[in-house]
Amino acid sequence: MSFKRRIPSNHANSPPGTRISPSSPSTVLISTGIPSLDDVLGGGLPLSCSSVVLAPDNHSAYGDLVQKYFVSQGIACGQQVCIVDDDGPSFARGCMWTSVVNNEEDDGSRFAQSGERIKIAWRYEKMKMFQTTVASGSSSKDDYCHSFDLSSRIPESVIQDASDTNRLIILGVHVDENVKASITRLLGNIQDVLSVSSSETALMRLCIPALGSAQWGDIEPADVLYFLHSLRRLLRRYPRACASISLAPHICSEAWGGRGWIHKVGWLTDAAISMSGFGGNPSLVALFPSHHGLVQIHKLPAPQTILPASDKYSTLRGLSSSAGANAGSGENNLAFKCTRKRLILETIHLDVEGGVTERRTTPSTNNAISLNAGPVNEMTDEHASNKGRSHAALEVEFERAVAVTADPQGSQALASSRSAALDATTTPKVKRPRKKVAFQSDRPDLYDF
Amino acid sequence: MQTFPPSDLVINAGFVLITDELPAPADFLLHRFLHVQIRDAKQSHCIFLSVSEDFDRVKTVASKATLHLVQNAKFKFVDFVKASEASPEKTTGDADTRLYNIINLLSLDIGAVKAAEEQTLVILDDISSLEWLGFSPLALFRFARALKALCLKSGATLVIRLHILDASEPGHLFRLLLQLCSYHIEVRPLASGRSGAVSGELCLHSGPCESGLKSRPLSRTSALQYRLTDGGAMFFNKGTSEGVL
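Residues numbered from 1 in each chain as written. Chains lettered and ligands numbered in written order. Predicted model: local features only at pLDDT ≥ 70, side-chain atom pairs only at ≥ 80, totals over all residues. Heavy atoms only, no water.

- Chain B has the name Elongator complex protein 5 in an unreviewed UniProt entry, where Pisolithus microcarpus 441 is given as its organism.
- Here chain B is described in UniProt, under the heading Sequence similarities (unreviewed entry), as follows: "Belongs to the ELP6 family." (UniProt positions renumbered as here; feature names shortened; annotations may be inferred.)

- Chain A goes by Elongator complex protein 4 in an unreviewed UniProt entry, where it is assigned to Pisolithus microcarpus 441.
- According to the UniProt record, the Pathway (unreviewed entry) comment for chain A reads "tRNA modification; 5-methoxycarbonylmethyl-2-thiouridine-tRNA biosynthesis."
- As recorded by UniProt, the Sequence similarities (unreviewed entry) comment attached to chain A reads in full: "Belongs to the ELP4 family."

The structure is reproduced here in C-alpha cells:
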C-alpha cells in the first residue's frame, strides 16, 4: 500500500492572483499592487469589501497612484477591471507596469553589497537588519502581487488586449445637474456590470480613481455617503467583486464634509486609510526627510471575523496580542514614500535628539533662523502635530543651552519665542555640511529597536 | 475572566443604547448579546435589523462563537433598507413611511412571539447610518420611541447601536436617544491608541430617566476592558493583567 501525499486542495481551486486570508479560510484576498499596503490590510483586500484611500494633499496625486497600482495588478492577474471615470481610457494608459529588466533596487541592498564591511559589536552581530518595510515578492512567478515599476508604462497592446477580451471596462460618471438621480443611475450601471461579471468566473475589481472630483459635479457629503453605502451593499450582493476608491483631495477634509467626516467615511466602507502627503507643509518635509507623507489607518477589513486580519498578521503595524516580549505594545507609526520606481509604506521612527544623521560637535551658529521662524500654519493632522510639538520642545532645549554661551542677549528673545515655537511646528533644521559618520539615515541601522 | 453582558442586561432590560467610535467598534458586543439571548435564555427569539451588513457576515461571525444561525428558528434577520422600501404603494420618497413600514413589520413579528410567550431581543445595528443617509434626527428619535414602546408592551429588550464621531461633541441624535434609554453602554478606545493587549474599554451607565435598575453600573474609572479575538472578545478588569498574562 503506497501512501499518497495529500495536496491541499485550496491551492488548485483558488483563482489566479488571489490568496486565502490567514485569519479566515473562507475569505479570499486580492492584492492592491503595493506589497506594503497589502500587509497593512492584512494580506490584501478581501473580496466583497470596499476600500477608500483619502489623500488630502492638494499638491500631489497619491490617491490616483494607489488606484493605478490597483488597476495594473488586476490587468496583470487577468482579472476583470472596471474603471469608473469619464477619462477612463487615459487613466488606464497612465498605469505602470512591470519592468523588463529585473533589477532589485532595494534601499538596504546597496549597503549589503558594498565592499566595506563595517565592524559590528559582537552582541549585535547575530541580529537581523533593521527592517522598515516588508519585502516585495521577489520571484517573478509570484502571481499574487507583481512588482511594478513606476518608470515603465503599461504597453498599449496589453490595454488593447484587455479591452478586447472584455477584461477592462470603462464606466463614465456622467453626472449632470440632478446629482442624486445621476448617482442612482451610476449605481444601476455598476450593478449591471457586476451582475454580468458574476455570471462568469473571473473576479471583478472596481476602481474609482477620483470620487468627488470635478466630473462628479456639485456633489454633497450626503451624496458621497449614500454612494459609499449603496456600493457596499452591492458588493455584498456580488461577493466576487471588490472596490477600491480614492477620494478627490478637496473632499478628504472636515472642511468639506463637516465634523466627523473621515469617521463617517470609515464607518460606511470596509477599509479606510489616509495618506497625507507633506506637499503643503515644508516643516513636515524637514522633520521627515526620507518620506513623503504619513499614513493613518481608520478602518481595516474584517469581512468574516470580529478582529481584522491585519491586527494579527501585519508586520508593518506590529501589533501582537500574544503574551510575550512585545505584549501590549502599541502600533507602529506608518509613513509612505514614492521613489523613482515604487511606492512604499514604511514604519517611521523618530530620530534621537539631534538625529542620527548629524553628530554636532560645535554649537550651531545660525540662531537667527530659529528665532525668526514664527508660527507656521496649524496642522490638522494630530499625529504629525504631536510629533512636531515634541520635536520642537527638544529643539528648543538644545538651542537654549547653546544660546547661553554664544549669545546672552539672545536668550531673552528665545524665551519669548519658546512659547511661539511650542505652538508652531518644528523649526527647520540648520543647514550644515554633512559630517561623515558611521550612521547614515539612508542606510539601515545596525541595531534592532 | 469576566463575561459581559450579564443576563439581566439582555432579558427584559428595556432599551439599551450602545455607543461606539471608529477605533473601537461594538460589533463584538452585539454578537455577545445575541449569544446570551439565544444560548442562555430559554424560549427566546431575536430579530436583527441591519442597515449596513448582510446576513452572511452575522452568520459567519456567530459561527465562530459556535452559534448557528442559518436554520435557527429563534433568529430572524431583517435587511432594513429592503424592508423599508417594501411598501405596497411604492412611495420611496417619504422617510416617515419607510420607517413606519419597519414598525409594522416588527409589530407583527413581536406580536407573534409574545403569543408564544417567548422573550424577544430586537437589535438595530446602526441608527447613525440612517441619519447619514438622510433621515432627520427627529424622525429617527420618533422611530426609536415607537420601537421602545413596542418592545415595552411585549417585554422585549431593544438594543440600538449608535456611532459617535467626536467624543467631546456627541451630536443631537445621541442626546435625544439618551433620554429614552434604560442603559447606556459606552465602548471607547484607549486614550493611548491601539494596543495589542487591550482593544478598548466599555462602561455601563444607567439611563437618566430610569430608576431602580437591576444591573450594577460600570463607571469610566472602573471600566471593563476587552480584547478582540476572531470570534468575540475577552473581558477583564481595568488595570489587571487577567486577559494579558
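So much for the structure itself; the text now carries on.
1. Things to note about helix α8 (residues 172–180) of chain B
Then step 1. What α8(B) keeps buried is the set L173(B), F174(B), L176(B), L177(B) and L180(B). For α8(B), the buried positions fall inside an angular range of 165 degrees around the axis, keeping them on one side. (Buried < 20%, exposed > 50% of the residue type's maximum accessible area, 1.4 Å probe, protein only. Helix = DSSP H or I, 4+ residues; strand = E, 2+ residues; numbered from the N terminus. Arc of directions from axis to C-beta.)

2. Notes on the packing of helix α5 (residues 95–115) of chain B against helix α7 (residues 137–154) of chain B
Residue and element names in this part refer to chain B.
Then step 1. The contact between α5 and α7 brings their axes to 10 Å, and the two run at 10 degrees. The angle between α5 and α7 places the two elements in the roughly parallel class. On the side of α5, the interface is formed by D96, L99, I102, I103, L106, S107, I110 and K114, while α7 contributes A139, L140, F143, A146, L147, L150, C151, K153 and S154. (Axes fitted to C-alpha atoms, helices over the stretch in contact; angles between N-to-C directions. Parallel < 35°, antiparallel > 145°, perpendicular 65-115°, else oblique. Contact = heavy atoms within 4.5 Å.)

3. Things to note about the side chain of S310(A)
Then step 1. Within the fold, S310(A) resides in helix α12 (residues 309–313).
Then step 2. Discounting chain neighbours no more than four positions away, the residues touching S310(A) are D39(A), V40(A), L41(A), G42(A), L300(A) and R317(A).

4. Brief notes about the packing of helix α7 (residues 179–199) of chain A against helix α8 (residues 221–237) of chain A
All names here are of chain A.
Then step 1. Orientation of α7 relative to α8, taken along the N-to-C sense of each, is 15 degrees, at an axis distance of 11 Å. By the angle between their directions, the pair α7 and α8 is classed as roughly parallel. α7 and α8 meet at a crossing whose hand is right-handed. Residues V179, K180, I183, L186, L187, I190, Q191 and L194 of α7 pack against D223, Y226, F227, S230, L231, L234 and R237 of α8.
Then step 2. Partitioning the contact of α7 with α8 into residue classes produces 10 nonpolar, two polar and three charged. (Left-handed = near helix turned anticlockwise from the far one by under 90°. Nonpolar A, V, L, I, M, F, W, Y, C, P; charged D, E, K, R; others polar.)

5. Thoughts on the environment of R188(B)
Then step 1. Locating R188(B) in the fold gives a position in strand β6 (residues 183–188).
Then step 2. The residues contacting R188(B), other than those within four sequence positions of it, are E21(B), A24(B), G200(B), E201(B), C203(B) and R220(B).

6. Considerations on the packing of aromatic side chains
Then step 1. If you walk through the whole model with that rule in mind, you get 14 aromatic pairs over all chains.
Then step 2. With 6.3 Å between their ring centres and 50 degrees between their planes, F48(B) and F75(B) make a pair best called tilted. Remark: F75(B) occurs in strand β3 (residues 75–79) and F48(B) occurs in strand β2 (residues 44–50); sequence separation between them is 27 residues.
Then step 3. Overall, the relative accessible area of 2% leaves F48(B) in the buried class.
Then step 4. What makes F75(B) buried here is its relative accessible area of 8%.
Then step 5. The rings of F4(B), F28(B), Y226(B) and F235(B) are connected pair by pair, giving a single aromatic cluster.
Then step 6. One cation-aromatic arrangement involves R205(A) over F70(A); the distance from NZ or CZ to the ring centre is 4.9 Å. (Phe/Tyr/Trp six-rings, centres within 6.5 Å; stacked < 30°, edge-to-face > 60°. Lys NZ or Arg CZ within 6 Å of the ring centre and 35° of its normal.)

7. Overview of the confidence of the model for chain A
Residues and elements named next belong to chain A.
Then step 1. For chain A, per-residue confidence averages 76 on the pLDDT scale, and 67% of positions sit at 70 or higher.
Then step 2. Mean pLDDT across the elements of chain A bottoms out in helix α13 (residues 367–372) (39) and peaks in strand β4 (residues 50–54) (96).
Then step 3. Across residues 103–113, where pLDDT falls below 50, the model places 15 contacts with residues more than four positions away in sequence or in other chains.
Then step 4. Confidence over residues 364–428 falls short of pLDDT 50; this stretch has 60 contacts with residues more than four positions distant or in other chains. (pLDDT = per-residue confidence, 0-100.)

8. Concerning the sheet that holds strand β8 (residues 224–228) of chain B
All names here are of chain B.
Then step 1. Pairing is mixed in the open sheet, where nine strands are placed in the order β3-β2-β4-β5-β1-β6-β7-β8-β9. Every interior strand has two partners, whereas the edge strands, β3 and β9 (233–237), have only one. Strand after strand, the sheet turns through a mean of 20 degrees between neighbouring axes, direction not considered.
Then step 2. Note: β2 against β3, five bridges, orientation parallel. Paired with L49 across the two strands is V78, which belongs to β3. (Pairing = 2+ DSSP bridges.)

9. Some points on the side chain of D149(A)
Residue and element names in this part refer to chain A.
Then step 1. Mapped onto the secondary structure, D149 falls in strand β7 (residues 148–153).
Then step 2. There is a polar contact of 3.5 Å between the side chain of D149 and the side chain of S99.
Then step 3. A distance of 2.8 Å separates a polar atom in the side chain of D149 from a polar atom in the side chain of S151.
Then step 4. Apart from residues lying up to four places away in sequence, D149 is in contact with M96, W97, T98, S99 and K341. (Polar contact = N/O pair within 3.5 Å; in protein donor to acceptor, adjacent residues only side chain to side chain.)

10. Points about the pairing of strand β10 (residues 241–247) of chain A
Residue and element names in this part refer to chain A.
Then step 1. The buried fraction of β10 amounts to seven of the seven residues, a majority that puts the element mostly inside the structure.
Then step 2. Because side chains alternate across β10, one face comprises the buried residues A241, A243, I245 and L247, and the other comprises C242, S244 and S246, equally buried.
Then step 3. With five bridges joining them, β4 and β10 adopt parallel strand pairing. Bridge pairing links L54 to L247 in β10.
Then step 4. With six bridges connecting them, strand β9 (residues 204–211) and β10 associate as parallel partners. What sits directly across from R205, in β10, is C242.
Then step 5. You can see the chain leave β9, run along α8 and come back into β10, and the turn it takes is right-handed. (Right-handed = clockwise from strand over helix to strand, strands pointing away.)

11. Digging into the interface of chain A and chain B
Then step 1. Contact residues are listed per partner, giving 34 residues for chain A and 39 residues for chain B.
Then step 2. Buried area between chain A and chain B, summed over both chains or domains, comes out near 3100 Å², and the portion from carbon and sulfur atoms is 58%.
Then step 3. It is R233(A), W267(A) and I306(A) in chain A that bury the most area against chain B; as a group they hold 26% of the surface buried on that side.
Then step 4. Linking chain A to chain B there are four salt bridges. (Buried area = accessible area lost by both parts, 1.4 Å probe. Salt bridge = Lys/Arg side-chain N within 4 Å of Asp/Glu carboxyl O.)

12. With respect to unusual backbone geometry
Then step 1. A cis geometry characterises the amide bond from F4(B) onward to P5(B), with omega recorded as -5 degrees.
Then step 2. In this fold, P5(B) is placed in the segment before α1 (7–10).
Then step 3. Notably, N166(A) is not glycine yet its phi reads approximately 60 degrees, a positive angle.
Then step 4. Topologically, N166(A) is positioned in the loop between α6 (156–164) and β8 (168–171).
Then step 5. Given the relative accessible area of 43%, N166(A) is considered partly exposed.
Then step 6. The backbone of H174(A) sits at a positive phi, close to 50 degrees, despite the residue not being glycine.
Then step 7. Following the sequence through the fold, H174(A) ends up in the loop between β8 and α7.
Then step 8. On the basis of relative accessibility, which here comes to 54%, the residue H174(A) falls in the exposed class.

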